[in-house]
Amino acid sequence: TSNQMWGGRFAAGPDAIMEAINASIGFDKRLAAQDIEGSRAHAAMLASTGILTDKDAKAIREGLLTVLSEIESGDFQFSTALEDIHMNVEARLKEIIGEPAGRLHTGRSRNDQVATDFKLWVRDQLDAFEEALVTLIQAFLGQAEQGADWVMPGFTHLQTAQPVTWGHHMMAYVEMFGRDLSRVRDARARMNESPLGAAALAGTSFPIDRDMTAKELGFDRPAANSLDAVSDRDFALEFLSAASICAMHLSRLAEELVIWSSAQFRFVALSDRFSTGSSIMPQKKNPDAAELIRAKIGRIFGANVALMTVMKGLPLTYSKDMQEDKEQVFDAADNLMLALAAMNGMVRDMTANRESLEAAAGSGFSTATDLADWLVRVLGLPFREAHHITGALVAMAEAKGCDLPELSLADMQSVHGEISESVYDVLGVHNSVASRTSYGGTAPVRVREQIARWKEALK
Ligand code: ARG
């Protein structure tokens, strides 16, 4: 038998393979609530503009609520033959209320319908994404407050560079996730235009009120061009791009947690709640959550590339290719939210090992730059010459197997005769970090200002 939605011009029904490749109900059932919300708004508008009678609109709106409760309770029989969520809902509505169900699709197409449903879904995800970012930033602020003046090595090339504070390192992640937060907010503001009423592509001859449905669905305004409205998936791509950049941040952090929790570093202890053991090695406590976050990110990047690729060659307006948008976004959203939740738990629970951090901060000649700066400031040497003298002192310490503060004054003076006792003041890690008071620097006083600024911003 031919299709009940468009069977008029068809003599035969679809091949089973056609049905299989065409159907999206297997995944777009996740849009059920949005589909029904959109249809209820559309029906109300059709009645208020006189396109439908109040009686029909009422039957439709109530019938849709019945369909929703069936879906929510798990009683709904989804049909692959009915292709997608839109037709499954409408067909069931017809079974429940009869003839008026066929009037719901007046002045509308599945093209504006699916764009509307999907936008509503992505908008909810952006809201959840925003909330998860705020929670994660708060977790970092807690860590930063506790250890604002704890010292640790700062790295470049993963080689010891200069001492920094634990608080400063935590606040670096606050900045990163703070940019993610602002990207999410930007994307949400930009995407919030209603496609509903664009109809198939050209608009409609019915006297619809697009402002009314836009308002009802929480959009700021109707999308201004009907062709663009049905062919636009930028909102999904912006979600995936913001998700990808955030995922990249999560992955860098995960990598640090893996390194930091190793026996060689011992910078942090992860909680039992976010670690696993080994079935053979009794001593093991593995940072599996961090590793899985680092790995899951691949799916999010993949989704971004996949949807970009789907969209890049499509002529305006709608093409069925666009049905491939949803699974990518669903999978990326599920994994992003899980990764954010797991990272939030890990960061809240982790214990920084203040002693290990401090011991590591002083090793690897981390205050060599402070020594060079001292030669410039106190002896008036050009920085390049100071750099060279300090390099010679580092080489001497390395040969003796000690750190810079352990060189005797006589050793120092053998390299440059004017070096005096006060040089030892700058070789200590606490003095080193305290001296870096430039804006954005690692000094505890600056770090505490940034913590206060962020707390204010998140109020
Ligand atoms: N299932 C379709 C999708 O997800 C709905 C829109 C179908 N529109 C069409 N003209 N065939 O994109």
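In this text, all values refer to a predicted model and were calculated from it rather than measured experimentally.

**Re the overall build of the chain**
When helices and strands are tallied, the chain shows 19 helices and 6 strands. Relative to the globule expectation of 23 Å for 459 residues, the C-alpha radius of gyration of the chain, 31 Å, shows a markedly less compact shape. Among the 459 residues that make up the chain, the fraction classed as buried is 49%. Taking the intrachain contacts of the chain between residues at least 6 apart in sequence as the baseline, contacts between residues at least 24 apart amount to 75%.

**Some words on the nonpolar core**
If you look at the biggest cluster of nonpolar residues, it comprises 97 residues, and the most contacted ones within it are Phe 129, Trp 166, Phe 177, Leu 250 and Met 343. Membership of the second largest hydrophobic core comes to 20 residues, among which are Leu 371, Ile 389, Val 394 and Val 426.

**Some words on helix α4 (residues 54-72)**
If you check α4, its first and last C-alpha atoms are 27 Å apart, about what 19 residues at 1.5 Å a residue would give, namely 27 Å. For α4, the full list of buried residues reads Asp 56, Ala 57, Ile 60, Gly 63, Leu 64, Val 67, Leu 68, Glu 70 and Ile 71. Along the axis of α4, the buried positions cluster into a sector of 155°, meaning they face one direction only. Seen from the buried face of α4, the exposed residues on the opposite side, beyond 90 degrees, are Asp 54, Lys 55, Lys 58 and Glu 72. Check the buried side of α4 and you find it contacts α3 (32-48) and α5 (85-97). In the segment just after α4, Gly 74 is the residue with positive phi, at about 85°.

**Some details on the UniProt feature "domain: Fumarate lyase N-terminal" (unreviewed entry) in the chain**
The UniProt record annotates "domain: Fumarate lyase N-terminal" (unreviewed entry) at residues 8-302. Secondary structure content for residues 8-302 is 60% helix and 6% strand, and the end C-alpha separation is 41 Å.

**Remarks on the UniProt feature "domain: Argininosuccinate lyase C-terminal" (unreviewed entry) in the chain**
In the numbering adopted here, UniProt assigns the feature "domain: Argininosuccinate lyase C-terminal" (unreviewed entry) to residues 365-434. Annotated as residues 365-434, this span is 69% helix and 0% strand, and its ends, taken at the C-alpha atoms, are 17 Å apart.

**Side note on a nonpolar patch on the surface**
Judged by side-chain polarity, Met 5, Trp 6 and Phe 10 come together as a nonpolar surface patch covering roughly 260 Å² of accessible area. The topology assignment puts Trp 6 in the segment before α1 (16-22).

**Brief notes about the packing of aromatic side chains**
Taken as a whole and assessed by the stated rule, the structure comprises 13 aromatic pairs. Between the aromatic rings of Phe 118 and Phe 235, the centroid separation amounts to 5.7 Å while the plane-to-plane angle is 70°, which identifies the pairing as edge-to-face. With Phe 118 in helix α6 (residues 110-146) and Phe 235 in helix α10 (residues 234-260), this residue pair connects regions lying 117 residues apart in the sequence. Grouping residues by exposure puts Phe 118 and Phe 235 together as buried. Consider the rings of Phe 129 and Phe 239, whose centres lie 6.1 Å apart with planes at 80°: the pair is edge-to-face. Pair noted here: Phe 129 is in helix α6 and Phe 239 is in helix α10, with a separation of 110 residues, a long-range link. Here Phe 129 and Phe 239 have matching classes, each one buried. Each member of the aromatic cluster is reached from another via a ring pair, and the members are Phe 155, Trp 166, Trp 260, Phe 265 and Phe 267.

**A word on the site of the ligand**
The ligand sits among Ser 24, Asp 84, His 86, Arg 110, Asn 111, Val 114, Tyr 318, Gln 323 and Lys 326. Within the side chain of Lys 326, a nitrogen or oxygen atom sits 2.7 Å from an oxygen atom of the ligand. Protein contacts shield 87% of the accessible area of the ligand, which totals 350 Å² for the unbound molecule. Sorting elements by how many residues they give to the shell around the ligand places α6 first, with 3 residues. For the shell around the ligand, the residue count by class is 2 nonpolar, 4 polar and 3 charged.

**Things to note about the side chain of His 249**
Of note, His 249 is situated in helix α10. You can call His 249 buried: its relative accessible area is 4%. Leave out the neighbours within four places in its chain, and His 249 touches Tyr 173, Met 176, Phe 177, Asp 180 and Arg 183.

**Remarks on the pattern of salt bridges**
In this structure the tally under the stated criterion is 27 salt bridges. The salt bridge involving Glu 70 is made with Arg 92; its shortest N-O contact spans 2.7 Å. Separated by 22 residues along the polypeptide, Glu 70 in helix α4 and Arg 92 in helix α5 bring together distant segments of the chain. For Arg 92, a relative accessible area of 24% gives the class partly exposed. A salt bridge links Glu 175 to Arg 453; the shortest N-O distance between them is 3.0 Å. In this pair, Glu 175 sits in helix α7 (residues 166-191) while Arg 453 sits in helix α19 (residues 444-457), placing the two residues 278 residues apart along the sequence. Residue classification places Glu 175 among the partly exposed positions, given a relative accessible area of 29%. Because the salt bridges share partners, they merge into one network encompassing Glu 83, Asp 84, Arg 110 and Lys 320.

Each value, and the rule that gives it
- Residues numbered from 1 in each chain as written.
- Predicted model: local features only at pLDDT ≥ 70, side-chain atom pairs only at ≥ 80, totals over all residues.
- Heavy atoms only, no water.
- Helix = DSSP H or I, 4+ residues; strand = E, 2+ residues; numbered from the N terminus.
- Rg over C-alpha atoms; globule rule 2.2 N^0.38 Å.
- Buried < 20%, exposed > 50% of the residue type's maximum accessible area, 1.4 Å probe, protein only.
- Contact = heavy atoms within 4.5 Å.
- Core = buried A, V, L, I, M, F, W, Y, C linked by side-chain atoms within 4.5 Å.
- Expected span 1.5 Å × (residues − 1).
- Arc of directions from axis to C-beta.
- UniProt positions renumbered as here; feature names shortened; annotations may be inferred.
- Patch = residues over 30% accessible without salt bridge, like charges linked within 9 Å, V, L, I, M, F, W, Y side chains within 5 Å.
- Areas by Shrake-Rupley, 256 points an atom, 1.4 Å probe, with all protein chains shown as cover.
- Salt bridge = Lys/Arg side-chain N within 4 Å of Asp/Glu carboxyl O.
- Phe/Tyr/Trp six-rings, centres within 6.5 Å; stacked < 30°, edge-to-face > 60°.
- Near = heavy atom within 4 Å.
- Polar contact = N/O pair within 3.5 Å; in protein donor to acceptor, adjacent residues only side chain to side chain.
- Nonpolar A, V, L, I, M, F, W, Y, C, P; charged D, E, K, R; others polar.

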